[in-house]
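# Analysis of the macromolecular model
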Amino acid sequence: MVVVCNNSMGVGVEWPEPVERVQKLAESGIQHLPQRYIRPPQDRSSSLSLSPTGVPVVDLSAGNSMKVMQSACREWGVFQLVNHGIPDTVLSSAMNASRGFFDLPMSEKQLYANDPLTYEGYGSRVGVQKGILLDWGDYFFHHVRPLSHQKQHKWPANLPHFRRNIDEYCSRVFELCKELLGIFSEDLGLPKGCLVERFGGEEQIGLSCRMNYYPKCPQPELTLGLSPHTDPGGFTVIIQDDNLCGLQVKKDVVWVSVPPIPKALIIILADQLEVLSNGIYTSAEHRATVNKERERMSLVVFCNPDGEMKIGPVEEAVAAGRGKALYEEMSFNQYRQLIRTVGTKGKSFVNSRKGS
Ligand code: OGA
Ligand code: NI
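Residues numbered from 1 in each chain as written. Chains lettered and ligands numbered in written order. Predicted model: local features only at pLDDT ≥ 70, side-chain atom pairs only at ≥ 80, totals over all residues. Heavy atoms only, no water.

Our next topic: the coordination of the nickel ion (ligand 2). Angles between donor atoms at a metal ideally measure 109.5 degrees for a four-coordinate tetrahedral arrangement and either 90 or 180 degrees for a six-coordinate octahedral one. Coordination of the nickel ion (ligand 2) by the protein comes from His-229 (NE2), Asp-231 (OD) and His-286 (NE2), over a distance range of 2.1 to 2.2 Å. Here the donor residues of the nickel ion (ligand 2) share one chain and are spaced in sequence as H-x1-D-x54-H. Remark: His-286 occurs in strand β11 (residues 286-288) and Asp-231 occurs in the loop between β6 (226-229) and β7 (235-240); sequence separation between them is 55 residues. Of the two residues examined, Asp-231 and His-286, each falls in the buried class. (Donors = N, O, S within 2.8 Å, 3.2 Å for Na, K, Ca; no water. Helix = DSSP H or I, 4+ residues; strand = E, 2+ residues; numbered from the N terminus. Buried < 20%, exposed > 50% of the residue type's maximum accessible area, 1.4 Å probe, protein only.)

Below, the structure written as structure tokens:
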């Protein structure tokens, strides 16, 4: 018997339809995509346009890094970070750990199957609306910080180095996140520790990890690996596979590819930073495309405010900008639940918090 109970947001513990693993579909050798993965023509990856300028690259060791980062946060909501101080070996071990999970036999991965209540574990969709379009990708999602939020039983038990490699990478990323929050604070004219505080203080800053696996796709031009969305939290740190394009960001009205730079980290500003900065910063809408010849992986770390924190524009940012708070205050938990229920929808969630 399946017991479906609802939490206060009305989300059941079961997905509305049986879950298909994209990896399994891909490995079955199908030549034509099932209908549920086929997007309307205007939403397909072939709608990519070229931007005259590429995604900004910030060299953390260079003298002009602040200037490049300032305009990237305001105009793009995304930049690639080089010379960030995280050793190459730590990056490659973390990518190998993620790969190790998807290389496990399907029966073992299924032990970690997730549900829409927490999303933690092995998943293949976002949103619980019956019949929605599906993305050509599987993921493994879990919380890393605060340590009390880690669910040990959701971490793969039979991968000896998984925990060590991911923990090591995430502790480096955590240091980098605090550094970036300090830089963003000062850039916004706030006291250096302001954003860390607005995230709930150092101990409460959330880090979650999402490993994405995009199998080879027989008809990549008809589908996407990940639908257009903004990340709901503070900001996001991504390692993508070398030598393989896939991530794209929307700049004004065109989709721009984020080309792989070996050892670089991609930093994507997310919705809570747009709100806290009162729109001085913008969260970047992004999506992922898939390939016929090669599978692609990415390792994504979300840096989030504590779930209970009410997030609204910081007074100093309001004063420095338009003098009026443009976004409604809301707790991060409430906001995240909206997306988890409805699924991804471009920038519509953050835009809906704007008053008139
Ligand atoms: C995400 C994401 C991009 C990628 O997981 O939120 O945007 O390239 N991933 O996989
Ligand atoms: Ni994202």
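From this point on, the discussion continues.
Here we come to the sheet that holds strand β4 (residues 138-145). In a beta sheet, neighbouring strands are held together by backbone hydrogen bonds and run either parallel or antiparallel to one another. Pairing in this open sheet of eight strands is mixed, and the strands run β1-β2-β10-β7-β12-β5-β4-β3 from one edge to the other. Two strands bound the open sheet, and with one partner strand each, they are β1 (57-59) and β3 (121-123). Between one strand axis and the next, the sheet turns through 25° on average, direction left out of account. Pairing of strand β5 (residues 206-214) with strand β12 (residues 296-304), which is carried by nine bridges, proceeds in the antiparallel orientation. (Pairing = 2+ DSSP bridges. Axes fitted to C-alpha atoms, helices over the stretch in contact; angles between N-to-C directions.)

Our focus in this paragraph is unusual backbone geometry. Looking along the chain, the bond that leaves Arg-145 and enters Pro-146 is cis, with omega of -10°. Positive phi is not limited to glycine here, since Asn-83 has a value of about 55°. The residue Asn-83 is located in the loop between β2 (78-82) and α3 (88-103) in this model.

Here we come to the sheet that holds β11. With antiparallel pairing, the four strands of this open sheet are ordered in space as β6-β11-β8-β9. Strand pairing shows two members of the sheet lacking a second neighbour, β6 and β9 (254-257), which therefore form its edges. Each neighbouring strand pair of the sheet contributes to a mean axis angle of 25°, computed without reference to strand direction. The pairing of strand β8 (residues 247-251) with β9 spans four bridges and is antiparallel. Bridging across to β9, Lys-250 finds its partner in Trp-255.

Another aspect to go through is the site of ligand 1. Taken together, Arg-210, Asn-212, Tyr-214, Leu-226, His-229, Asp-231, Leu-247, His-286, Arg-296, Ser-298, Val-300 and Phe-302 make up the full set of residues near ligand 1. At 2.9 Å from an oxygen atom of ligand 1 is found a side-chain nitrogen or oxygen belonging to His-286. Broken down by secondary-structure element, the contributors of at least two residues to the shell around ligand 1 are β5, β6 and β12. In terms of residue class, the shell around ligand 1 is built from five nonpolar, four polar and three charged. (Near = heavy atom within 4 Å. Polar contact = N/O pair within 3.5 Å; in protein donor to acceptor, adjacent residues only side chain to side chain. Nonpolar A, V, L, I, M, F, W, Y, C, P; charged D, E, K, R; others polar.)

Attention now goes to the packing of aromatic side chains. In this structure the tally under the stated criterion is twelve aromatic pairs. Judged by centre distance (5.3 Å) and plane angle (85°), the ring pair of Phe-101 and Phe-102 falls under edge-to-face. Like Phe-101, the residue Phe-102 is buried in the burial classification. Ring centres 5.6 Å apart and planes at 80° place the aromatic pair Phe-184 and Tyr-281 in the edge-to-face group. Of this pair, Phe-184 sits in helix α5 (residues 162-187) while Tyr-281 sits in the loop between α7 (271-276) and β11, placing them 97 residues apart in sequence. (Phe/Tyr/Trp six-rings, centres within 6.5 Å; stacked < 30°, edge-to-face > 60°.)

Bringing the packing of α3 against α5 into the picture now. Look at α3 against α5: their axes get within 9 Å of each other, and the N-to-C directions meet at 135°. Taken together, the axes of α3 and α5 are oblique relative to one another. Our pair here, α3 against α5, has a crossing hand that is left-handed. Residue-level inspection shows Val-90, Leu-91, Ser-93, Ala-94, Ala-97 and Phe-101 of α3 in contact with α5, the latter providing Phe-162, Asn-165, Ile-166, Glu-168, Tyr-169 and Arg-172. Of the residues contributing to the contact of α3 with α5, the split by class is eight nonpolar, two polar and two charged. (Parallel < 35°, antiparallel > 145°, perpendicular 65-115°, else oblique. Left-handed = near helix turned anticlockwise from the far one by under 90°. Contact = heavy atoms within 4.5 Å.)

Let us now look at the confidence of the model for the protein chain. For the protein chain, per-residue confidence averages 91 on the pLDDT scale, and residues scoring 70 or more make up 94% of the total. Contacts from residues 1-9, a stretch scored under 50 in pLDDT, to residues over four places away or in other chains number twelve contacts. (pLDDT = per-residue confidence, 0-100.)

Next up on the list: the pattern of salt bridges. The final tally for this structure, using the stated rule, is eleven salt bridges. For Arg-36, the salt bridge goes to Glu-17, with nearest N and O atoms at 3.4 Å. You can see Arg-36 sitting in the loop between α1 (22-27) and β1 and its partner Glu-17 sitting in the segment before α1, a full 19 residues away along the chain. For Asp-241, the salt bridge is made with Arg-99, and the minimal N-O distance between the two is 3.0 Å. (Salt bridge = Lys/Arg side-chain N within 4 Å of Asp/Glu carboxyl O.)

As a further point, take helix α9 (residues 332-342). Residues Phe-332, Tyr-335, Arg-336, Gln-337, Ile-339 and Arg-340 constitute the buried set of α9. Buried residues in α9 make contact with β4, α7, β12, β13 (310-311), β14 (330-331) and α10 (348-352). Positive phi shows up at Gly-343, right after α9, with a value of about 95°.

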